[in-house]
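# Analysis of the macromolecular model
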Amino acid sequence: MTDLGPYDVIVVGAGHAGCEAAAAAGNMGSRVLLITMNMGVIGQMSCNPAMGGVAKGQIIREIDAFGGYSGLVSDRSMVQFRMLNRSKGPAMWSPRSQNDRALFAQEWRQTLERIPNVHFMQEMVTTIEHDGSRVTGIRTSMGLLIKGHTVILTSGTFMNGVMHIGEKQFGGGRAGERASRGITEQLVELGFQAGRMKTGTPPRVDGRSIDFDNLEEQRGDELPATFSFLPESRPIERQLSCWITHTNPEVHDILRTGFDRSPMFNGRIQGRGPRYCPSIEDKIDRFKEKEHHQIFVEPEGWNTVETYINGFSTSLPEQVQIAALRKLPGFSNARIFRPGYAVEYDYFPPTQLQHTLETKGISGLYFAGQINGTTGYEEAACQGLMAGINAHLQIHEKDPLVLGRDDAYIGVLIDDLITKGTDEPYRMFTSRAEFRILLRQDNADLRLTPISHALGLAGDDRMQRVDRKRQQSEELDAVVRRTSVSPEEADPLIVPRGTSPLRQKVKLIDLITRPQLSISDLERLVPQEARSGYTDDRLWKESLEQLEIGIKYSGYLAKERVLAEKLARLEDLPLDQTMNYGQLTSLSMEARLKLDMVRPQTLGQAARISGVSPSDLGVLMVYLGR
């Protein structure tokens, strides 16, 4: 007989958000039920078999620093690793992995099954039970009532999902899986606003039918890294290659023959699609002057020939997809396993949430992932993590956890959603973070592990490792500031790098500041005794990287810290949650409407609302007596 509760936390949906939510709450001590329509696809990579990328890699490192599992699962299922944007500054460096799709899902399920507090159930949730103001549990399609103190909805693309291929459409949230029904209608009746969004996926191709000799090879890094900071997560020793091809005018002409049957162009799709990941038909329609578009050919795993055609997302008729694919270089004999398709689904504008991801309308009900209008595994996973943490904290009557914009990319993402809202799928970019020099992928453990440890998520071993890294980095900094090097020692290392020879002895720190030199060029000049406290080579390399970034970018880092402290003073000025903005006639009409809708908790949050001007902030400061 199924255990019908009460549970501390009920997580609805077992995608990336649901997995992280269940793991976080379970590891903190809550009794968790993870309920999903299909136990066979827990942690499924619905779209591309990859994790990380620009800004997304930073989020995975932050999740790992918090004791989440997306980084560890990615490392265990990795088939290729690349650090993107190495030619740019460290704020832009972004780790990315290709993953074995089946192994990724297998690792997630096994990870969750090792958490004693996480229970599982395969069922469809149709109703959120509540007493008018607070959630009390859920009801399933079979009529089961399961009691719970909090509920986290992580519905992905399944709520009233409709899939489109050409003129065909059918219910579903993912290929081969049905849509979920009932929750949207109930929440709308309770006063929630709902909308529709759209996403898509490309065809999957039989790799045996691709002529890879006609494609450009894209190898992984020679020295691959990992997402997780834990020492047991080791870099992979063997990697699979990805490949690159390009569209051409002939491909575009064939695709255009299907535009009259495209659900995107003939009005059958009403939802907004992702601006930064458009379908191939959208690309050639919007960028008519471009004759070529890059297509990435990505392996789905170690033991499969299935291949993901990244950049060729489409909902055109199947025959058009095949004909166009076969005009790509290397694809003349391509056989597809399944066609690309678009999926429309319900979402709830995230301005209806608090910064904890709890809904404003019903206490104890949390939303995480694509239900909030985001796109991407990483964006979903970090929301699930934060919802799981805050649901646990609320049950135990502890202060909620809200990360600031200068704390983490996670804080930026959630603040953007809650404060600005979104009417198109939201994707994280480094440009969205005003403090991105502070929020680098390499220092996520230093920034966030102390918070996680205080919550009981990060273990003592992880915290001790972070403390050791911080301490040893500081000691290493002191060493390079007092160590002098002679021209005889330094010139053979630095002159071949295109920098001037020394005329006299200089401090080692002066060489590190030279833009032509990296710390790896100078590592031999660091006194050997400085390495004595390092137990492994990886921690030594991490400390060297911290040292170099701290020295080369010290001015920029100091500027950002000052700015962050300045804005924090605004952030700490609370606004009365019962304030009647409509009566503040000195505010612009737009500001009154936006402030009344968002109900910002602080002046800093009000400052980030689109439509609230500096003069409006002045009015609010006068009202606050400032």
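Keep in mind it's a predicted model, so treat the numbers as computed, not measured.

Cut-offs applied
- Residues numbered from 1 in each chain as written.
- Predicted model: local features only at pLDDT ≥ 70, side-chain atom pairs only at ≥ 80, totals over all residues.
- Heavy atoms only, no water.
- Helix = DSSP H or I, 4+ residues; strand = E, 2+ residues; numbered from the N terminus.
- Rg over C-alpha atoms; globule rule 2.2 N^0.38 Å.
- Buried < 20%, exposed > 50% of the residue type's maximum accessible area, 1.4 Å probe, protein only.
- Pairing = 2+ DSSP bridges.
- Axes fitted to C-alpha atoms, helices over the stretch in contact; angles between N-to-C directions.
- Parallel < 35°, antiparallel > 145°, perpendicular 65-115°, else oblique.
- Contact = heavy atoms within 4.5 Å.
- Nonpolar A, V, L, I, M, F, W, Y, C, P; charged D, E, K, R; others polar.
- Lys, Arg positive; Asp, Glu negative; His and termini not counted.
- Salt bridge = Lys/Arg side-chain N within 4 Å of Asp/Glu carboxyl O.
- 1 Å grid on protein atoms, 1.4 Å probe; cavity = no way out; pocket = protein on both sides within 12 Å on 5 of 7 lines; lining within 4 Å.
- Points joined across faces, edges and corners; volume = space filled by probe spheres on them.
- Expected span 1.5 Å × (residues − 1).
- Arc of directions from axis to C-beta.

This brings us to the overall build of the chain. Within the chain, the regular secondary structure consists of 20 helices and 22 strands. At 26 Å, the chain has a C-alpha radius of gyration in line with the 25 Å of a compact globule built from 626 residues. Seen through its C-alpha atoms, the chain measures out along the principal axes to roughly 80 × 70 × 55 Å. Residues counted as buried form 58% of the 626 residues belonging to the chain.

The next thing to look at is the sheet that holds strand β14 (residues 216-218). Judged by pairing direction, the sheet is antiparallel, and its six strands sit side by side in the order β14-β15-β16-β17-β13-β18 without closing on themselves. The strands lining the two open edges of the sheet, one partner per strand, are β14 and β18 (336-338). Adjacent strand axes in the sheet meet at a mean angle of 35°, parallel and antiparallel pairs treated alike. As paired elements, strand β13 (residues 204-206) and β18 share two bridges and run antiparallel to each other. Along β18, the bridge assignment pairs Val205 with Ile336.

Another point: the packing of helix α2 (residues 56-65) against helix α10 (residues 409-420). At a minimum axis distance of 9 Å, the contact between α2 and α10 shows a crossing angle of 110°. Between α2 and α10, the angle is such that the two are roughly perpendicular. Taking contact as the criterion, the partners of Gln58, Ile59, Glu62 and Ile63 in α2 are, on α10, Tyr409, Ile410 and Leu413. Grouping the amino acids of the contact of α2 with α10 by side-chain chemistry returns five nonpolar, one polar and one charged.

Taken together, the buried positions of helix α13 (residues 487-494) are occupied by Pro487, Ala490, Asp491, Leu493 and Ile494. Its buried side turned inward, α13 meets β21 (484-485), α14 (508-512) and α15 (519-522).

A separate point is the pairing of strand β11 (residues 168-171). In terms of strand pairing, strand β10 (residues 162-165) meets β11 through four bridges, oriented antiparallel. Bridging across to β11, His164 finds its partner in Gln169.

This part is about the environment of Met163. In this structure, Met163 sits in strand β10. Classification of Met163 as buried rests on a relative accessible area of 3%. It is 18 Å that separates the C-alpha atoms of Met163 and Asp260, two residues lying 97 residues apart in sequence. Beyond its immediate stretch of four places on either side in the chain, Met163 contacts Lys168, Gln169, Phe170, Gly172, Gly173, Arg174, Ala175, Tyr341, Ala342 and Val343.

Another aspect to go through is the environment of Ala478. Inspection of the secondary structure puts Ala478 in helix α12 (residues 460-482). Taking the relative accessible area as the measure of exposure, Ala478 reaches 33% and is therefore partly exposed. Note: C-alpha distance between Ala478 and Leu145 (333 residues apart in sequence) is 62 Å.

Take the side chain of Arg61 next. When you line up the elements, Arg61 lands in helix α2. For Arg61, which is buried and forms no salt bridge, the nearest opposite charge comes from Glu545, at a distance of 6.2 Å. Other than its neighbours up to four places away in sequence, Arg61 contacts Pro95, Ala225, Thr226, Phe227, Phe229, Gln441, Asp442 and Ala444.

For the rest of this paragraph, the subject is the sheet that holds strand β12 (residues 195-201). Spatially, four strands are ordered β11-β10-β19-β12 in an open sheet, and the strand pairing comes out antiparallel. Because the sheet does not close on itself, it has two edges, and the strands there are β11 and β12. Direction aside, the axes of adjacent strands within the sheet are offset by 25° on average.

Considering all chains together, one arrives at 34 salt bridges under this definition. A salt bridge links Arg608 to Asp415; the shortest N-O distance between them is 2.3 Å. You can see Arg608 sitting in the loop between α19 (603-607) and α20 (614-623) and its partner Asp415 sitting in helix α10, a full 193 residues away along the chain. Looking at Arg608, the relative accessible area reads 18%, which means it is buried. In the salt-bridge network here, residues are joined through shared partners; they are Arg405, Asp415, Asp416, Lys420, Glu434 and Arg608.

Reported here for the second largest pocket is a volume of approximately 1200 Å³. Lining the second largest pocket are 39 residues, and of these Arg86, Ala225, Lys541, Glu542 and Glu545 sit closest to its centre. Only β4 (78-84), α15 and α16 (537-552) provide two or more residues apiece to the lining of the second largest pocket. Per element, the largest residue contribution to the lining of the second largest pocket is 10 residues, and it comes from α16. Of the residues contributing to the lining of the second largest pocket, the split by class is 16 nonpolar, six polar and 17 charged.

Using the criterion set out here, one finds two cavities of 30 Å³ or more in the structure. The volume enclosed by the largest cavity comes to roughly 60 Å³. Lining the largest cavity are Phe229, Leu230, Asp445, Arg462, Arg465, Val466, Lys469, Leu539 and Glu542. Among the secondary structure elements, those contributing two or more residues to the lining of the largest cavity are α12 and α16. The element contributing the most residues to the lining of the largest cavity is α12, with four residues. Partitioning the lining of the largest cavity into residue classes produces four nonpolar, no polar and five charged. Put simply, the second largest cavity is a space of about 40 Å³. The wall of the second largest cavity is formed by His355, Met386, Leu401, Val402, Leu403, Gly411, Ile414 and Asp415. Counting residues per element, the lining of the second largest cavity draws most heavily on α10, at three residues. The residue inventory of the lining of the second largest cavity, partitioned by class, reads five nonpolar, two polar and one charged.

For the rest of this paragraph, the subject is helix α17 (residues 554-571). With 18 residues, α17 extends 25 Å from end C-alpha to end C-alpha; this agrees with the ideal 26 Å at 1.5 Å per step. Considered for burial, the residues of α17 that qualify are Leu557, Glu560 and Ala564. The arc that holds the buried residues of α17, viewed along the axis, is 65°, so those residues lie on one side. α17 presents Lys559, Val562, Glu565, Lys566 and Arg569 as exposed residues on the side facing more than 90 degrees away from its buried surface. Structurally, α17 contributes buried residues whose contacts are with α16.

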